[in-house]
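# Topology and contacts: notes
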Amino acid sequence: MKEVDQVISNDQKLLLGAYAKAEISQEASCQVPIEFQNKTRALLQIQNGCDNKCSFCIIPYARGKNVSTPIKNIINQAKLLA
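Analysis parameters
Residues numbered from 1 in each chain as written. Predicted model: local features only at pLDDT ≥ 70, side-chain atom pairs only at ≥ 80, totals over all residues. Heavy atoms only, no water. Helix = DSSP H or I, 4+ residues; strand = E, 2+ residues; numbered from the N terminus. Contact = heavy atoms within 4.5 Å. Areas by Shrake-Rupley, 256 points an atom, 1.4 Å probe, with all protein chains shown as cover. Patch = residues over 30% accessible without salt bridge, like charges linked within 9 Å, V, L, I, M, F, W, Y side chains within 5 Å. Salt bridge = Lys/Arg side-chain N within 4 Å of Asp/Glu carboxyl O. Disulfide = S-S within 2.5 Å. Buried < 20%, exposed > 50% of the residue type's maximum accessible area, 1.4 Å probe, protein only. Arc of directions from axis to C-beta.

On to the overall build of the protein chain, then. Each helix and strand in the protein chain was counted, giving three helices and two strands. Mapped from its N terminus to its C terminus, the protein chain presents α and β elements in the order α-β-α-β-α. Across the protein chain, contacts joining residues at least 24 apart in sequence account for 33% of those joining residues at least 6 apart. Approximately 7000 Å² of the protein chain is accessible, and the part contributed by carbon and sulfur atoms is 54%.

Here you go:
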């Protein structure tokens, strides 16, 4: 659609501010949004999605099957957060 500038995946939604400032490649999902200055905890996502399909839960349908973040990316993100 001509009115759509960019389509991002669920795991990249936290990078929305960066998308607004500059075009980011698909590798952006391994970057960490450092937006926790006024918070006491930072978030480090290890997995996204779920395979269980509990009757009360929409996560498997909204986020898809369980996908783990590659260990290399987790280590890099932890270093950035530290």
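Here we take up the environment of Lys 53. Inspection of the secondary structure assignment puts Lys 53 in the loop between β1 (47–48) and α2 (59–63). Sequence spacing of Lys 53 and Lys 65 is twelve residues, and the spatial spacing of their C-alpha atoms is 9.4 Å. Each residue touching Lys 53, except ones within four places of it in the same chain, is listed here: Pro 60 and Tyr 61.

Together, Met 1, Val 4 and Val 7 make up an exposed nonpolar region whose accessible area comes to about 350 Å². By secondary structure assignment, the location of Val 7 is in the segment before α1 (16–21).

It is worth spelling out the state of the cysteines at this point. All told, the structure shown has zero disulfides when counted by the stated rule. Left unpaired, Cys 54 is separated from the closest cysteine sulfur, that of Cys 57, by 6.1 Å. Given the relative accessible area of 34%, Cys 54 is considered partly exposed. Given the relative accessible area of 24%, Cys 57 is considered partly exposed.

Let's shift gears to helix α3 (residues 71–81). Buried residues of α3: Asn 73, Ile 74 and Gln 77, and no others. The buried residues of α3 all sit within an arc of 100° when viewed along its axis, so they share a single face. In α3, those exposed residues whose orientation departs by more than 90 degrees from the buried face are Ile 71, Lys 72 and Lys 79.

With that settled, consider the side chain of Asn 48. Mapped onto the secondary structure, Asn 48 falls in strand β1. By relative accessible area, Asn 48 is classed as buried at 13%. Contact partners of Asn 48, with chain neighbours within four places excluded, come to Asn 10, Asp 11, Arg 63, Lys 65, Asn 66 and Val 67.

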